[in-house]
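# Breakdown of the fold
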Amino acid sequence: DYDNEDNLSKKITSLERLVRQVADGQKKMLGDIMHEVSEFKREVRSLNKRLQEVDEKQGRTERAVHGLSSTLHDTVSTVRAPEKQVVQPQPRNAAPILANDR
């Protein structure tokens, strides 16, 4: 009878040790997972910050392109406008003829 109790006690001790090992392993796994989650969150924050910087640069670039386009349009309009008002060379005693009058 004593052998059965001793055997049962050894089995209980063995199972308790096994449960502690599993629990310790799960704690370590949980710690590793929490570390990975923390690293992932840091990467996401970094990427979000970078994305915001890119968005801001894109906005500045779009505004600059719009400004340049507007300036180019104004310049082309200014350059083309005088063509219509150019006075053609005429003999000294003739009245000037504007390009629009042709």
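Before reading on, note that the structure itself is shown above.
Now for a look at the structure at hand. Keep in mind that this is a model prediction, so the values were computed, not measured. (Residues numbered from 1 in each chain as written. Predicted model: local features only at pLDDT ≥ 70, side-chain atom pairs only at ≥ 80, totals over all residues. Heavy atoms only, no water.)

## Observations concerning the overall build of the chain
If you tally the helices and strands in the chain, you get one helix and zero strands. Within the chain, buried positions represent 1% of all 102 residues. For the chain, the exposed area adds up to about 9,700 Å²; of that, 57% sits on carbon and sulfur atoms. (Helix = DSSP H or I, 4+ residues; strand = E, 2+ residues; numbered from the N terminus. Buried < 20%, exposed > 50% of the residue type's maximum accessible area, 1.4 Å probe, protein only. Areas by Shrake-Rupley, 256 points an atom, 1.4 Å probe, with all protein chains shown as cover.)

## Topic: the pattern of salt bridges
For the structure on display, the rule yields four salt bridges. The shortest N-O distance in the salt bridge between aspartate 32 and lysine 28 comes to 3.1 Å. Placement of both aspartate 32 and lysine 28 in helix α1 (residues 2-80) is noted, with a separation of four residues, approximately one turn of the helix. In this structure, the salt-bridge partner of glutamate 39 is arginine 42, at a minimum N-O distance of 2.7 Å. (Salt bridge = Lys/Arg side-chain N within 4 Å of Asp/Glu carboxyl O.)

## Side note on a nonpolar patch on the surface
Among the surface-exposed residues, Leu15, Leu18 and Val22 lie close enough to one another that they form a single nonpolar patch of about 280 Å² accessible area. When you line up the elements, leucine 18 lands in helix α1. Classification of leucine 18 as partly exposed rests on a relative accessible area of 46%. (Patch = residues over 30% accessible without salt bridge, like charges linked within 9 Å, V, L, I, M, F, W, Y side chains within 5 Å.)

These values are about where atoms sit, not about what they do.
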